[in-house]
Amino acid sequence: MSDLPIRPDTPCVAVCSTTFDEICRGCGRSVTEVAHWVSMSAEAKELVWQRILAQGYPRRNT
């Protein structure tokens with residue numbers, strides 16, 4: 001069994017916008033991370049989760 005925290009399947013909050021840069025204003029992932037999310041390992045996803053949570057994501061209605 002994995003020691004990784006239990007997380008939702010995706011950090012997506014359906015507030016998708018990369019209008020001004022390569023980072024989604026809703027979930028905080030890069031365009032590349034969003035595109036490859038389904039094929040990323042659990043460990044790689046956890047690293048993304050740790051970064052976006054530290055940066056204050058996911059955000060709704062911002």
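You'll find the structure just up there.
Conventions and cut-offs
Residues numbered from 1 in each chain as written. Predicted model: local features only at pLDDT ≥ 70, side-chain atom pairs only at ≥ 80, totals over all residues. Heavy atoms only, no water. Helix = DSSP H or I, 4+ residues; strand = E, 2+ residues; numbered from the N terminus. Buried < 20%, exposed > 50% of the residue type's maximum accessible area, 1.4 Å probe, protein only. Salt bridge = Lys/Arg side-chain N within 4 Å of Asp/Glu carboxyl O.

## Here we look at unusual backbone geometry
Among all residues except glycine, the phi angle is most often negative; among peptide bonds, the trans geometry is most common.
Reasoning step 1: In this structure, P58 follows Y57 across a cis peptide bond, with omega equal to -10 degrees.
Reasoning step 2: By the element assignment, P58 lies in the segment after α2 (42–54).
Reasoning step 3: Unusually for a residue other than glycine, A14 sits at a positive phi of about 60 degrees.
Reasoning step 4: With respect to the helices, strands and loops of the structure, A14 is situated in the segment before α1 (31–36).
Reasoning step 5: Owing to a relative accessible area of 68%, A14 belongs among the exposed residues under this scheme.

## Observations concerning the pattern of salt bridges
Reasoning step 1: By the definition in use, this model includes two salt bridges.
Reasoning step 2: R7 is paired through a salt bridge with E46; the nearest N and O atoms lie 2.8 Å apart. Residue R7 is found in the segment before α1, and its partner E46 is found in helix α2; the two are separated by 39 residues along the sequence.
Reasoning step 3: Between R51 and E33 there is a salt bridge, and its shortest N-O distance comes to 2.8 Å. Highlighted residues: R51 in helix α2 and E33 in helix α1, separated in sequence by 18 residues.
Reasoning step 4: For E33, a relative accessible area of 15% gives the class buried.

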